[in-house]
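As a plain string of letters, each chain reads:
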Amino acid sequence: MPHAPLITFEGVEGAGKTTLAHHLADWLRAQGVPVRLTREPGGSALGAHLRPILLHEPLDAWAELFLFLADRRQHTLQVILPAREHGVWVLCDRYADSTLVYQGYGRGLDIPLIRRLNAIATDNLAPDLTVLIDLPVEDALARADAPNRFEAETLAFHNRIRAGYLELARAEPNRFLVLDGLQPLETLKASLEQAVQERFLDAGK
Ligand code: Z5A
């Protein structure tokens, strides 16, 4: 039996990832699809300890990278892979692409090296679909309601994140679904439902 899908949500802070991930989880469950909704950082028992450190403690860029990777490895092995093996769809609010853009494009760490480390952390698992919510950084940051130390970064930093995501999406158009985050929430929800219906639910009939 093929594994259940892994769908990840990416974008700059305040883009609407959490809102859309929760909506998709509710929509799928209403159709009888088993779903595990999770997030990074913080989706495993170890991650619960790492999340406040990653969001609020001053960290060296490499220390930050290694902690995000530790969180991912533990989360992948303890939560994501077991769920998929049991036929449970996994919806994850941020995953490996976040490290590529924040620690790579944002902090300037070596991107090919981050790819190799991500491959270890994920056990070579790639999302079946990545929903990228794209919008101007100023609009997204104005919406963000849970302050963390990334918010204090410069506009230039956040613009590198946005540009990095768009470059990743251009390189893998089949994996990425890019949504215009300036659209009303109801429009975004409908686009996401339609994409998931066509890509996974209709395909499985
Ligand atoms: N990070 C990293 O550096 N490296 C890594 O490998 C990983 C993460 C995994 C995690 O922060 C930080 O860690 C993140 C990157 C870094 N920091 N930054 N920047 P987090 O998990 O605490 O926060 P976040 O992921 O950045 O997201 P957020 O602030 O929770 O925002 P969001 O989930 O994208 O948005 P939201 O909560 O769904 O929506 C925000 C508000 O906007 C809310 O009131 C909504 O009702 C509203 N909203 C949503 N959509 C719309 C539309 N379409 N129109 C109008 N209003 C809307």
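Quick caveat, the model's predicted, so the values are computed rather than measured. (Residues numbered from 1 in each chain as written. Predicted model: local features only at pLDDT ≥ 70, side-chain atom pairs only at ≥ 80, totals over all residues. Heavy atoms only, no water.)

**Details of the overall build of the chain**
The number of helices and strands found in the chain is 8 helices and 5 strands. Taken from the N to the C terminus, the helices and strands of the chain come in the order β-α-β-α-α-β-α-α-β-α-α-β-α. Taking 205 residues into account, the globule formula puts the C-alpha radius of gyration at 17 Å, and the chain, at 16 Å, falls close to it. Expressed as lengths along the three principal axes of its C-alpha atoms, the size of the chain is roughly 50 × 35 × 30 Å. Residue pairs in contact within the chain that sit at least 24 positions apart in sequence constitute 79% of those at least 6 positions apart. Here the chain contributes 21 positively and 27 negatively charged side chains, and the mean placements of these two sets differ by 2 Å. (Helix = DSSP H or I, 4+ residues; strand = E, 2+ residues; numbered from the N terminus. Rg over C-alpha atoms; globule rule 2.2 N^0.38 Å. Contact = heavy atoms within 4.5 Å. Lys, Arg positive; Asp, Glu negative; His and termini not counted. Charge placed at Lys NZ, Arg CZ, Asp CG, Glu CD.)

**Quick notes on unusual backbone geometry**
For the bond from Glu 40 to Pro 41, the omega torsion is -5 degrees, close enough to zero to count as cis. With a phi close to 75 degrees, Arg 94 is a non-glycine residue in the positive phi region. Position of Arg 94 among the secondary structure elements: in the loop between β3 (89–93) and α4 (96–106). Even without a glycine there, the phi angle at Asp 123 is positive, about 55 degrees. The exposure class of Asp 123 is partly exposed, given its relative accessible area of 44%. (Buried < 20%, exposed > 50% of the residue type's maximum accessible area, 1.4 Å probe, protein only.)

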